[in-house]
Amino acid sequence: MDEIVDLNIGGHQYTTTRQTLSSSEYFTTLLSGKFGLQRSKDGGIFIDRNGKYFEPILDFLRSGEFSVPSGMTLRDIEREARFFQIQLPIVVHLNDASTQFVDDEYLWEIAYRSIEATSEPILTIVMNEFQACARKAAPIRSGVFASDNQQQMEENLIRITSEQSYPLLNLNSIFKATSTVLNTSYFHLLHQPFYRKLIEKQCQKRGISLYIEEAGVMYTPKIPKKRSSPHDPSSDEDFFIVGYTFVHKGP
């Protein structure tokens, strides 16, 4: 017979079974007996969270179906679901009244989750470097995040430039800098403009104003640029992207 579990989540009482909660690693650990349980006066297991939002989460665990009740936001429910280590389906029906709770901020947050496994380690490095710069009262910027395949970068540059030594010398200086982070996965992520925008918006949400800047070397192309007119003042040089650096906007 399945064990009955009484929960008191922030003053909201729920009665369910161990089996219903078994898909949550949080509850599996909590009910394992390895840790002491905090009990409320009514004897239920007390969890200090906003119990209001647990109701649709528990309904999902029971039935496998998920909807957003009137008066709640999808963002708040998912916040609590993440705490309880429960993956909710990211499905929003256009004819569902719950769509009124899906705003721009929520959509940006959902998009960011698709890259956070790679972007969060990048931001950890960046924030450490920002702090180091601030302590020295130096301009606050990170090192360059570049691909770890220097040979491929050099071959690409040689193929398109009419010069040889000068651009390659500058390219080598970037790769040899102690602050440069050589990681192809990081580089490929940052090479996508939309992903850079997602990271910038996520940092802004966290109170850090920064922008991601292209880092590279100037070179003269083998094939000269087309000019719109003989008097076009644009330079004959072009820019070869080696990587990306994070720059703090300041106050």
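Up top is the structure these notes are about.
Reading the values: the criteria
- Residues numbered from 1 in each chain as written.
- Predicted model: local features only at pLDDT ≥ 70, side-chain atom pairs only at ≥ 80, totals over all residues.
- Heavy atoms only, no water.
- Helix = DSSP H or I, 4+ residues; strand = E, 2+ residues; numbered from the N terminus.
- Contact = heavy atoms within 4.5 Å.
- Pairing = 2+ DSSP bridges.
- Core = buried A, V, L, I, M, F, W, Y, C linked by side-chain atoms within 4.5 Å.
- Buried < 20%, exposed > 50% of the residue type's maximum accessible area, 1.4 Å probe, protein only.
- Axes fitted to C-alpha atoms, helices over the stretch in contact; angles between N-to-C directions.
- Phe/Tyr/Trp six-rings, centres within 6.5 Å; stacked < 30°, edge-to-face > 60°.
- Lys NZ or Arg CZ within 6 Å of the ring centre and 35° of its normal.

Asker: Describe the environment of Met127, listing the residues and the values that go with them.
Answerer: With respect to the element layout, Met127 can be found in helix α6 (residues 116-135). Non-local contacts of Met127, meaning those with residues more than four positions away in its chain, are made with Ile208 and Leu210.

Asker: So what about the pairing of strand β2 (residues 12-17)? Which residues, and what values?
Answerer: On any regular strand, side chains alternate: one points to one face of the sheet, the next to the other face. Bridge analysis of strand β1 (residues 4-9) against β2 gives 6 bridges, and the strand direction is antiparallel. Of the residues in β2, the one forming a bridge with Ile4 is Thr17. As consecutive antiparallel partners, β1 and β2 are separated by 2 residues, and within that stretch Gly10 has a phi angle of approximately 60°, a positive value.

Asker: If you had to explain the nonpolar core to someone new, which residues and values would you point to?
Answerer: Within the largest apolar cluster, 32 residues are counted, with the highest numbers of intra-cluster contacts made by Ile122, Phe145, Leu190, Ile199, Phe240 and Phe246. If one sorts the elements of this core by residue count, strand β6 (residues 210-219) sits on top with 5 residues. Apart from residues no more than four positions distant in its own chain, Ile199 is found in contact with Tyr112, Ile115, Ser119, Leu123, Leu189, Leu190, Ile212 and Phe246. In terms of nonpolar packing, the next biggest core, distinct from the first, is built from 27 residues, Val5, Met72, Leu74 and Leu88 among them.

Asker: Give a detailed account of the sheet that holds β2, specifying residues and quantitative values.
Answerer: Neighbouring strands of a sheet are bound in pairs by backbone hydrogen bonds; such pairs are parallel or else antiparallel. Within the open sheet, the 3 strands sit side by side as β2-β1-β3. Their pairing is mixed. What marks the edges here is a single partner per strand, and that holds for β2 and β3 (45-47). Going across the sheet, the axis of each strand differs from the next one's by a mean of 30°, ignoring polarity. In this structure, β1 lies alongside β3, joined through 3 bridges in parallel fashion. From the neighbouring strand, Asn8 faces β3, where its bridge partner is Phe46.

Asker: Pulling in residues and values, what's your account of the packing of aromatic side chains?
Answerer: Under the criterion given, the structure shown has 14 aromatic pairs. Centre to centre, the rings of Tyr26 and Phe27 are 5.2 Å apart; their planes meet at 90°, and the pair counts as edge-to-face. Taken as a pair, Tyr26 and Phe27 share a single burial class, namely buried. Here a set of aromatic residues connected by ring pairs shows up, and it is made of Tyr14, Tyr26, Phe27, Phe54, Phe83 and Phe84. Sitting above the plane of the Phe83 ring, Arg49 keeps its charged end 4.1 Å from the centroid.

Asker: Hey, could you go over helix α5 (residues 104-113) for me, with residue numbers and the actual values?
Answerer: All buried positions along α5 are accounted for by Tyr106, Glu109, Ala111 and Tyr112. Buried residues along α5 sit against α4 (74-83), α6 and α10 (193-205).

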